[in-house]
Amino acid sequence: MTACLLAIVILAACSTQAAQPVPLKSGVEFASADVRSLQQDDFANPGMLWVTRGAKLWLEPAGSDGKACGTCHGDANRSMKGVASRYPRIDSVSTGLINLEGRIQQCRERRQHAPLMAYESDELLALTAYVASQSRGIPVNVEIDGFHRAHFERGRAMYYQRVGQMNLACTNCHDANWSKKLGAETVSQGHGNAYPIYRLEWQAAGSLQRRFRSCLSGVRAEMFPYGAAEYLDLELYLAWRGQGLAIETPGVRR
Amino acid sequence: MSLARIQVPPSAKRGEVIEVRIAIQHAMEAGFRYDNNGRTIPKNVINTLVARYNGTEVFRAELGSGISANPYLQFFMTAEASGDIEFSWVDDAGERGSERAAIVVVG
């Protein structure tokens, strides 16, 4: 009987381990008032410079066929609405997991026949920010079934895996200690709903993978290269974990 | 590629004081950083920014290495006639940029 109860308690503990933080709070809620107002003011928000640049790139023909994003997709305000809330997702052709950056690259390769943009380049960040900003206010809603499942499980395992000289996993800060202070910073729940963000420390816009690299370097772990499968899996797990949070791109963080 | 955003009110009354805002995408390299090979990254900031309202200079700023990347400035001016406000700027590398916005004055 006691063993049975114990088993139930352990099972319950395991299931809560994979749950969303309660209550769900976007990273902006942990930011100071001035950072919050910077994000909310669509003109002062420096991330909007990338969005503006993305809007220009959207209409700029690229590649041998002279096609722009807008040639096929038309007005991004309509065609891209809600798209970012569904990524990362399985690409139906390659059956591999891709994020929004990957989707844009794929269009460049397969439809525009244009050279790929470097990961984390201003151009790719600008287009990603422009596309993602069309989904502002729409809740994150990713699939985790079917082909997604294996990626999701790997992402979850990575989230709970202690790494680096500091021997810390994502969960040690972003589940166990959110809202507490780490130096002058308030630890957030670690959601990806505002990416690409303008980070004041970077003095530039950056992707969620750049943020992962900052965290990995912070715990003194080896960083994966940009675009690594490990990051994509983790992006999927985080999107599911922040399921329901509204997209805020371009976010501003310290 | 030089990129800037300008914000002015959609329309203003003659004699009304309006707020003009500009944000420019620029790294504003302060000259105190080193690259991966240990070489100093040379200072390169937007050193001068001028705003002209229908050809007349209404605002001028001299920026230095203490200004953050992607500088954002705002100022107030009196709307007198419909026309253009044109910003032009130059950085230490000699690269010039400009951007304009239309001001509509009614009454």
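Remember, it's a predicted structure, so these values are computed and weren't measured experimentally.

Ranked by size, the top nonpolar core spans 58 residues in total, and within it A:Trp50, A:Trp58, A:Leu100 and A:Leu127 carry the most contacts. Counting residues per element, this core draws most heavily on helix H7 (residues 122-133) of chain A, at eight residues. Setting aside anything within four residues of it in sequence, one finds A:Leu127 in contact with A:Gly54, A:Leu57, A:Trp58, A:Cys69, A:Ile104 and A:Met117. Within the second largest apolar cluster, 26 residues are counted, among which are B:Met28, B:Ala61, B:Ile85 and B:Val105.

Residue and element names in this part refer to chain A. Within this structure, the stated rule accounts for zero disulfides over all chains. Of all cysteine sulfurs, the one in Cys107 lies closest to Cys72, which takes part in no disulfide; the gap is 7.0 Å. Cys215 provides the cysteine sulfur closest to Cys170, a residue in no disulfide bond, and the two sulfurs are 7.1 Å apart. A relative accessible area of 24% places Cys170 in the partly exposed class.

All names here are of chain B. Burial within strand S1 (residues 3-7) is extensive, with four of its five residues counted as buried. Here S1 runs beside strand S3 (residues 17-25); their pairing, made up of five bridges, is antiparallel. From the neighbouring strand, Ala4 faces S3, where its bridge partner is Ile24.

Attention shifts here to empty space enclosed by the protein. All names here are of chain A. Tallied over the full model, the rule gives one cavity of 30 Å³ or more. In this structure, the largest cavity occupies an estimated 310 Å³ of space. Around the largest cavity, the lining is made up of 21 residues, and of these Ala84, Tyr87, Gly192, Tyr195 and Glu235 lie nearest the centre. Of all the elements in the fold, those that place two or more residues in the lining of the largest cavity are helix H6 (100-112), H7 and helix H11 (229-241). Top element by residues in the lining of the largest cavity is H11. It accounts for three residues.

To describe a pair of aromatic rings, you give the distance between the ring centres and the angle between the ring planes. Residue and element names in this part refer to chain A. Under the defined criterion, the tally for this structure stands at 15 aromatic pairs over all chains. On the basis of an interplanar angle of 15° and a centroid distance of 5.5 Å, the ring pair of Tyr119 and Tyr226 is categorised as stacked. Separated by 107 residues along the polypeptide, Tyr119 in the loop between H6 and H7 and Tyr226 in the loop between helix H10 (208-218) and H11 bring together distant segments of the chain. Ring centres 5.8 Å apart and planes at 35° place the aromatic pair Phe212 and Tyr231 in the tilted group. Taken together, the residues Phe212 in helix H10 and Tyr231 in helix H11 connect sequence positions 19 residues apart. With respect to burial, Phe212 and Tyr231 carry one shared label: buried. It is Arg213 that lies over the ring of Tyr226; its NZ or CZ is 4.5 Å from the centre.

Rules used in this analysis
- Residues numbered from 1 in each chain as written.
- Chains lettered and ligands numbered in written order.
- Predicted model: local features only at pLDDT ≥ 70, side-chain atom pairs only at ≥ 80, totals over all residues.
- Heavy atoms only, no water.
- Core = buried A, V, L, I, M, F, W, Y, C linked by side-chain atoms within 4.5 Å.
- Buried < 20%, exposed > 50% of the residue type's maximum accessible area, 1.4 Å probe, protein only.
- Helix = DSSP H or I, 4+ residues; strand = E, 2+ residues; numbered from the N terminus.
- Contact = heavy atoms within 4.5 Å.
- Disulfide = S-S within 2.5 Å.
- Pairing = 2+ DSSP bridges.
- 1 Å grid on protein atoms, 1.4 Å probe; cavity = no way out; pocket = protein on both sides within 12 Å on 5 of 7 lines; lining within 4 Å.
- Points joined across faces, edges and corners; volume = space filled by probe spheres on them.
- Phe/Tyr/Trp six-rings, centres within 6.5 Å; stacked < 30°, edge-to-face > 60°.
- Lys NZ or Arg CZ within 6 Å of the ring centre and 35° of its normal.

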